[in-house]
Amino acid sequence: MDRLIRGYREFMAKRWPEEHAHYAELSKKGQNPDYLVIACSDSRADPATIFGAGPGELFVIRNVAAIVPPYEEGGGYHGTSSAIAFAVLQLNVKYILVMGHAQCGGVAAARNMEAAADTPFLGSWIRLLEPAAEKCHDRDQPDFERETIKLSLERLMTFPFIAERVEAGTLSLVGMRFGIADGKLELLDPASGEFETVPPR
Ligand SMILES: [Zn+2]
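Cut-offs and rules
- Residues numbered from 1 in each chain as written.
- Predicted model: local features only at pLDDT ≥ 70, side-chain atom pairs only at ≥ 80, totals over all residues.
- Heavy atoms only, no water.
- Core = buried A, V, L, I, M, F, W, Y, C linked by side-chain atoms within 4.5 Å.
- Buried < 20%, exposed > 50% of the residue type's maximum accessible area, 1.4 Å probe, protein only.
- Helix = DSSP H or I, 4+ residues; strand = E, 2+ residues; numbered from the N terminus.
- Contact = heavy atoms within 4.5 Å.
- Donors = N, O, S within 2.8 Å, 3.2 Å for Na, K, Ca; no water.
- Expected span 1.5 Å × (residues − 1).
- Polar contact = N/O pair within 3.5 Å; in protein donor to acceptor, adjacent residues only side chain to side chain.

Some words on the nonpolar core
Then, in step 1: Counting residues in hydrophobic clusters, the biggest one holds 22 residues, and the most contacted among them are L36, I38, I84, I96, L156 and I162.
Then, in step 2: If you list the elements that add at least two residues to this core, you get β1 (35-40), β2 (58-63), α3 (79-90), β3 (95-101), α7 (141-156) and α8 (160-168).
Then, in step 3: Excluding residues within four positions of it along the chain, I96 makes contact with L36, I38, V88, L156, I162, L171, S172, L173 and V174.
Then, in step 4: In this structure, A109, A110, L122 and L128 belong to the second largest nonpolar core, which totals 16 residues.

Spelled out as structure tokens, the structure:
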């Protein structure tokens, strides 16, 4: 744990003096983020780092492959869906960003299910990507990653309270893919269904 304790001390020495007033205000007023980000758990694709976001700005859900499960009522442990519902219904976020990334191990495992065979829970989770896999038989991994982002966005629209807000114009859904090796950020154009590179400056 030494690495983490060292990091905490650095945070208290450098950032806390500048930001403690902001943290104090957030503690009084509560959080009011505009963005829900659904990203992969991958340690290389951290939304707060990529977007230079500070405390209180992003409500983040991270799971294997940035998957939105289908809308389901009834029992079960809906970790991702419950956080989506909280962000939309209680925090009234204005945007939901689904952010996939290059070299995604979860997407790679969905292309080769044997990779997940020895890991409990993982197989049934990444089988949620099957509709994207069906569209990508002969296509490469980057295309599959892009299809999984589109699939998660489509699934978000199956949540009634999301569809309602999107139709009313109070909530926008956005898809992005982050390139780990080159820092390239691709933004999905909903009209064309194509991903366009965001100019880095
Ligand atoms: Zn990933």
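Regarding the coordination of the zinc ion
In an ideal tetrahedron of four donors about a metal, each angle is 109.5 degrees. In an ideal octahedron of six donors, the angles are 90 or 180 degrees.
Then, in step 1: Looking at the zinc ion, one finds its protein donor set to be C40 (SG), H101 (NE2) and C104 (SG), positioned 2.0 to 2.3 Å from the metal centre.
Then, in step 2: Sequence spacing among the residues donating to the zinc ion works out to C-x60-H-x2-C. In terms of burial, H101 and C104 fall into one category: buried.

Observations concerning α7
Then, in step 1: Given a rise of 1.5 Å per residue, 16 residues ought to cover 22 Å, and the 23 Å separating the end C-alpha atoms of α7 matches this to within 8%.
Then, in step 2: Here α7 has its buried residues at Q141, F144, E145, E147, T148, I149, L151, S152, L153, R155 and L156.
Then, in step 3: The distance from a side-chain oxygen at the start of α7 to the backbone nitrogen of D143 is 3.1 Å, and the residue carrying that oxygen is D140.

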